[in-house]
Amino acid sequence: MAPFPIYCAMLCLMWEELSEERRREMMKMQTFSEIFGAMISFLKDHYASKSCESLQKQDISEKVKEASKAIQDVSEIALNGLLDRHFSFPEEQFRECGDAMQTCVMVGVLTTEKKVIGRERRQHANTSSFVESTVSFPHKLFQEYTAGVYITNLFSKDRPKYDHLKYKLLPRSQEFRYLLYFASALKQELGLDIIHGLIEEGNQDLCIDVAFECHTEEATSAVEKLWKEYKLSPNSSEHTNLGVVFMMHWDKVQSLSIQDMTCGRTTSRELAESFCSSRVLQHLTIIHSQFHMDFFKILGASGSNCKGRQVAFHKNKNEWRKLRNKVQREIVSAKVMFYRDRVQNLKRENPSDWYKFLKVMTSQEKKETTITVPGISSSDKAGIADAVNCHFANIAGDIPELDLSSVPAFLLPSPVPIPPVQPWDVERELRRIKPGKSGGPDDIPARIIRTFFR
């Protein structure tokens, strides 16, 4: 996401406004198209809530449909602009769209701007106007998503025109890769057709990416036989590597090579789970690669249930034992290398990080403490604090208040003799004051009293 700051900014805005349940749903999304589609839906909902006065469910639904129809109406202009490499359009070009342009502006898919026309351009265009209105998309990704809507609609309604357009796009597939992502994700049959077209064009490198964006088993089956061995390497994009991992979940990878990779926690967990669940993986090669500790934890915990190992056990027990011992040796070796390369030197250079790594390696990470109160959302910290306070305040609610008249007091003159108090008794008690305790009713700190009691 780093190359697209607007993408990151929208994610932050959505995260701030979404409910806890919607956040959990968003965290489960895996593909570029899923998250960007959620952004477009967020913009539609935001437009509906702002432009609908009654806030009735039916009225809001109509506004969302109105926004979807407006995006569809301007989608052909978006596609033609991509083909001609135009990203800004004169306002007159949207006249045939009616109110769709203005609706898209309110949704946030389009922006309008007025510019001063230079003298030379006025003479060349033979116009006396000094100002022109232009319409553009906030980012090329918005234009590609809108163009994907048009391709999806064309695929359903006008197949000959779609076929003609497809053979314009596929030779420039690298240029239109995000357009192909969005179109494939919007309609499953369209995604399969694009994959077959890429195979015919000989562009197999993009097939895994498109299949990953389709996110269906049928799409992975279409590219299953293209390679004898799949590779994870720094030369491939992170998107392609995730596509290979996704194919492993559907048992489409029989041979895998991992070389010179530094895998983070998410990728390491996905790979380990895929290794343990795969029933067809026969050859695995790992060269000069580093994994997160979760990779080895999952292999250690789930390795005994690995379907591939069970198959090997039933076929050849000696081979199974040999592979089991090899895996155990590799795990021990990897742990030793991890400590030597990343932890050992830290004890001298950065003791704080050294202690943190040791806690990670020994599974002693500090877990966040959560308090669950029935009827209060876990994100409402102030409400939880008030509920806990009220609970403890009501514990002694049934105990009667202290009757001060029953407490013995020495009033002069008193029938009871006053106990003698010597200076050394006072000194002894003052010495016992703990300096870390809070002050009394006089607000004098305990440390001050203990230091200056003489």
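Residues numbered from 1 in each chain as written. Predicted model: local features only at pLDDT ≥ 70, side-chain atom pairs only at ≥ 80, totals over all residues. Heavy atoms only, no water.

1. A look at the overall build of the chain
On a plain count of helices and strands, the chain comes out with 23 helices and six strands. Each of the 454 residues in the chain was classed as buried or not, and the buried ones make up 33%. Put simply, of all contacts in the chain between residues at least 6 apart along the chain, 64% involve residues at least 24 apart. On the chain, roughly 29,600 Å² of surface is accessible, and the fraction owed to carbon and sulfur atoms is 53%. (Helix = DSSP H or I, 4+ residues; strand = E, 2+ residues; numbered from the N terminus. Buried < 20%, exposed > 50% of the residue type's maximum accessible area, 1.4 Å probe, protein only. Contact = heavy atoms within 4.5 Å. Areas by Shrake-Rupley, 256 points an atom, 1.4 Å probe, with all protein chains shown as cover.)

2. Some details on the sheet that holds strand β2 (residues 111-116)
In spatial order, the strands read β1-β3-β2; together these three strands make up an open sheet with antiparallel pairing. Each end of this open sheet is capped by a strand with a single partner; those strands are β1 (88-90) and β2. On average, adjacent strands in this sheet sit at an angle of 40 degrees to one another, irrespective of strand direction. With six bridges connecting them, β2 and strand β3 (residues 131-136) associate as antiparallel partners. Looking at the pairing, E113 lines up with T134 of β3. (Pairing = 2+ DSSP bridges. Axes fitted to C-alpha atoms, helices over the stretch in contact; angles between N-to-C directions.)

3. What about the sheet that holds strand β6 (residues 283-287)?
Across the sheet, which stays open at both edges, the three strands sit in the order β4-β5-β6 with parallel pairing between neighbours. A single partner strand is all that each edge strand has here, and the edge strands are β4 (230-232) and β6. Taking each pair of neighbouring strands and ignoring which way they run, the sheet shows an average axis angle of 10 degrees. Pairing of strand β5 (residues 255-259) with β6, which is carried by five bridges, proceeds in the parallel orientation. Along β6, the bridge assignment pairs S257 with T285. Contacts between helix α14 (residues 238-249) and the sheet are confined to β4 and β5, with β4 contributing the most and set at about 130 degrees to the helix.

4. Some thoughts on the side chain of K252
Topologically, K252 is positioned in the loop between α14 and β5. Once residues within four sequence positions are removed from consideration, K252 is found in contact with E217, T220, S221, E224, Y230, M247 and V280.

5. With respect to helix α10 (residues 177-186)
In terms of burial, α10 is largely enclosed, as seven of its 10 residues are buried. Taken residue by residue, α10 has R177, L179, L180, Y181, F182, A183 and S184 as its buried positions.

6. Overview of the pairing of β3
Here is the key point about a regular strand: its side chains alternate between the two faces of the sheet. As paired strands, β1 and β3 are joined by three bridges and run antiparallel to one another. The partner of F89 across the bridge, within β3, is V135.

7. Brief notes about the pattern of salt bridges
Evaluated as defined, the whole model comprises 12 salt bridges. Here E66 makes a salt bridge to K63, at a shortest N to O gap of 3.7 Å. Here E66 pairs with K63, and both are found in helix α4 (residues 57-73), just three residues apart, close to one helical turn. In this structure, the salt-bridge partner of K252 is E217, at a minimum N-O distance of 3.7 Å. (Salt bridge = Lys/Arg side-chain N within 4 Å of Asp/Glu carboxyl O.)

8. Some details on a nonpolar patch on the surface
Together, I444, I448 and F452 give the surface a local cluster of nonpolar side chains, amounting to about 300 Å² of exposed area. Owing to a relative accessible area of 41%, I448 belongs among the partly exposed residues under this scheme. (Patch = residues over 30% accessible without salt bridge, like charges linked within 9 Å, V, L, I, M, F, W, Y side chains within 5 Å.)

9. Structural notes on the nonpolar core
Counting 88 residues, the largest nonpolar core has F94, I151, L256 and L271 as the members making the most contacts within it. Residue contacts for L256: discarding those within four places in its chain leaves E229, Y230, K231, L232, V244, M248, F275, L281, H283, L284 and T285. (Core = buried A, V, L, I, M, F, W, Y, C linked by side-chain atoms within 4.5 Å.)

10. Points about the confidence of the model for the chain
The predicted model of the chain averages 81 in pLDDT, with 86% of residues at 70 or higher. Within the chain, the element-level pLDDT minimum falls on helix α17 (residues 307-315), averaging 51, and the maximum on helix α5 (residues 75-83), averaging 92. (pLDDT = per-residue confidence, 0-100.)

11. Comments concerning the packing of helix α9 (residues 159-169) against helix α11 (residues 188-201)
Put simply, α9 and α11 touch, their axes get as near as 11 Å, and they point 45 degrees apart. In terms of axis orientation, α9 runs oblique to α11. The handedness of the crossing between α9 and α11 comes out as right-handed. For the pair α9 and α11, contact is made by Y162, K166 and Y167 and by L190, D193, I194 and E200, respectively. The class makeup of the residues in the contact of α9 with α11 is four nonpolar, no polar and three charged. (Parallel < 35°, antiparallel > 145°, perpendicular 65-115°, else oblique. Left-handed = near helix turned anticlockwise from the far one by under 90°. Nonpolar A, V, L, I, M, F, W, Y, C, P; charged D, E, K, R; others polar.)

12. Quick word on helix α12 (residues 205-214)
Along α12, nine of the 10 residues are buried, which leaves the element largely enclosed by surrounding structure. Of the positions making up α12, those classed as buried are L206, C207, I208, D209, V210, A211, F212, E213 and C214. Those residues of α12 that are buried lie in contact with α3 (32-51), α10, α11, α13 (217-222), β4 and α14. Looking one or two residues beyond α12, the residue adopting positive phi is H215, at roughly 60 degrees.

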